[in-house]
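Chain and residue survey
Next come the chains, spelled out residue by residue.
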Amino acid sequence: MTLLYYDPVLMEHNTGDHPECAARLMPVVRHLNFVALDSLCKRPAWQPASMQRVQLVHEKAYIQSVEAFAKQGGGNIDEDTVVSTRSYEVSLLAAGAVCDAVERVLGGEDKTAFCLVRPPGHHAMPDRAMGFCLFNNVAIGAMVATQELGIQRVLIIDFDVHHGNGTQAMFWKNGQIAYYSMHRAPFYPYTGAADETGAEAGLGTTMNVPVTFGTPRAQQLEQFSSSLSEFADRIAPQLILVSAGFDSHRADPVGNLGLETEDFATITRTILKIAEQHTGGKLVSVLEGGYNPNALAECVELHIEELLGRE
């Protein structure tokens with residue numbers, strides 16, 4: 001089985017008609033129920049992330065500012081990111097799902113997990129919100145693995161159409177947590193050049209693969225497979241975390257790199273093969289982008305089917 005994390009409370013991060021809204025997840029949840037995929041997964045209960053865990057990657061003053069902003073009624077915490085009265089609680093619950101998944105996967109309860117959570121996280125910086133993101137869910141999970149659970153090497157794989165600048169910044173000098181991103185460029189947030197590879201203890205532990213809009217799908221998939229395989233061989237991870245963004249789908253209104261739904265099954269198989277080679281199959285995947293609800297539902301279905309198929 002695969003661990004599947006979802007809770008209706010995640011809908012209470014109310015962003016109105018923003019692209020990252022509750023309505024983007026409801027078709028996914030309904031579709032997984034319709035095709036009975038949710039019943040094939042184990043559905044754990046979990047707790048919100050503690051302040052101590054969120055502080056592994058975010059400054060305490062920033063965390064407190066998000067809480068205070070939400071209590072005051074919310075609004076735009078930056079030009080792209082909306083906060084409502086329950087956003088702080090929902091964000092802690094989303095981060096907590098990743099922490100719980102990491103604990104369970106490393107504890108041997110299951111090999112794979114998918115966290116169907118919001119808000120997304122990979123743009124969130126240590127000291128500020130950015131790009132729809134409040135707390136960096138994947139980054140918090142990676143630090144729990146290394147700081148609490150004895151893992152020496154984690155690989156974060158990010159296939160969102162946007163570069164995960166927050167994740168990269170957090171681990172730029174970290175020799176234990178490696179970051180791989182394939183993303184559209186030039187494009188928001190205008191980071192993630194191929195020559196950005198880390199510094200100090202983290203030198204060589206960042207790999208960016210920028211892709212120009214219009215690059216053929218087959219070329220993108222081949223480049224993803226070959227570059228990621230080479231990078232993973234060098235890193236030799238003990239755990240893989242995935243920032244699973246489906247906004248490079250051709251029908252996505254925010255991103256788009258021309259990919260079709262079935263391409264995300266290929267991407268997932270590539271990642272699973274690498275997990276089997278290096279981590280004994282241990283993999284935790286976390287939703288990032290994907291703003292066409294129907295396309296997102298189809299992509300998530302294939303992603304989970306692949307996770308289940310490798311059990």
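Definitions and cut-offs
Residues numbered from 1 in each chain as written. Predicted model: local features only at pLDDT ≥ 70, side-chain atom pairs only at ≥ 80, totals over all residues. Heavy atoms only, no water. Axes fitted to C-alpha atoms, helices over the stretch in contact; angles between N-to-C directions. Helix = DSSP H or I, 4+ residues; strand = E, 2+ residues; numbered from the N terminus. Left-handed = near helix turned anticlockwise from the far one by under 90°. Contact = heavy atoms within 4.5 Å. Nonpolar A, V, L, I, M, F, W, Y, C, P; charged D, E, K, R; others polar. Pairing = 2+ DSSP bridges. Buried < 20%, exposed > 50% of the residue type's maximum accessible area, 1.4 Å probe, protein only. Salt bridge = Lys/Arg side-chain N within 4 Å of Asp/Glu carboxyl O.

Let's shift gears to the packing of helix α4 (residues 87-106) against helix α5 (residues 137-147). It is the contact of α4 with α5, at a shortest axis distance of 9 Å, that shows an interaxial angle of 35°. Relative to α5, the crossing made by α4 is right-handed. Residues Ser 91, Ala 94, Ala 95, Val 98, Cys 99, Val 102 and Leu 106 of α4 lie in contact with α5, whose contacting residues are Asn 137, Val 138, Ile 140, Gly 141, Val 144 and Ala 145. Tallied by class, residues from the contact of α4 with α5 come to ten nonpolar, three polar and no charged.

On to the sheet that holds strand β4 (residues 112-115). Strands sit in the order β1-β4-β9-β8-β5-β6-β7 across an open sheet of seven strands; the sheet is parallel. Where the open sheet ends on each side, the last strands, each with one partner, are β1 (2-5) and β7 (206-211). Each adjacent strand pair in this sheet contributes to an overall mean axis angle of 15°, direction not counted. In the sheet, β4 pairs with strand β9 (residues 283-287) via four bridges, with the strands oriented parallel. Looking at β9, one finds that Ala 113 is bridged to Val 284. This element, helix α8 (residues 261-278), spans β4, β5 (154-158), β8 (239-244) and β9 of the sheet and lies at about 165° to β8.

As a further point, take unusual backbone geometry. Cis geometry is found at the peptide bond from Arg 118 to Pro 119, where omega equals 0°. Here Tyr 188 and Pro 189 are connected by a cis peptide whose omega angle stands at 5°. Residue placement: Pro 189 occurs in the loop between β6 (177-184) and β7. Its identity is not glycine, yet Ala 36 carries a phi of approximately 65°, on the positive side. On the basis of relative accessibility, which here comes to 34%, the residue Ala 36 falls in the partly exposed class. Phi at Glu 200 takes a positive value of approximately 50°, unusual for a residue other than glycine.

Right, let's get into the side chain of Thr 270. One can find Thr 270 in helix α8. Since its relative accessible area comes to 14%, Thr 270 is described here as buried. For Thr 270, the contacting residues outside a window of four places in its chain are Phe 224 and Ser 225.

One pass over the structure, following the stated rule, counts 17 salt bridges. For Glu 148, the salt bridge goes to Arg 53, with nearest N and O atoms at 2.7 Å. Taken together, the positions of Glu 148 in the loop between α5 and β5 and Arg 53 in helix α2 (residues 51-54) put the pair 95 residues apart, joining distant regions of the chain. A relative accessible area of 40% places Glu 148 in the partly exposed class. Residue Glu 230 is joined to Arg 234 by a salt bridge in which the shortest nitrogen-to-oxygen separation is 3.4 Å. One end of the pair, Glu 230, and the other, Arg 234, are both in helix α7 (residues 217-235), four residues apart, so they sit about a helical turn from each other. For Glu 230, a relative accessible area of 39% puts it in the partly exposed group. Judged by relative accessible area, Arg 234 falls into the partly exposed class, the value being 46%.

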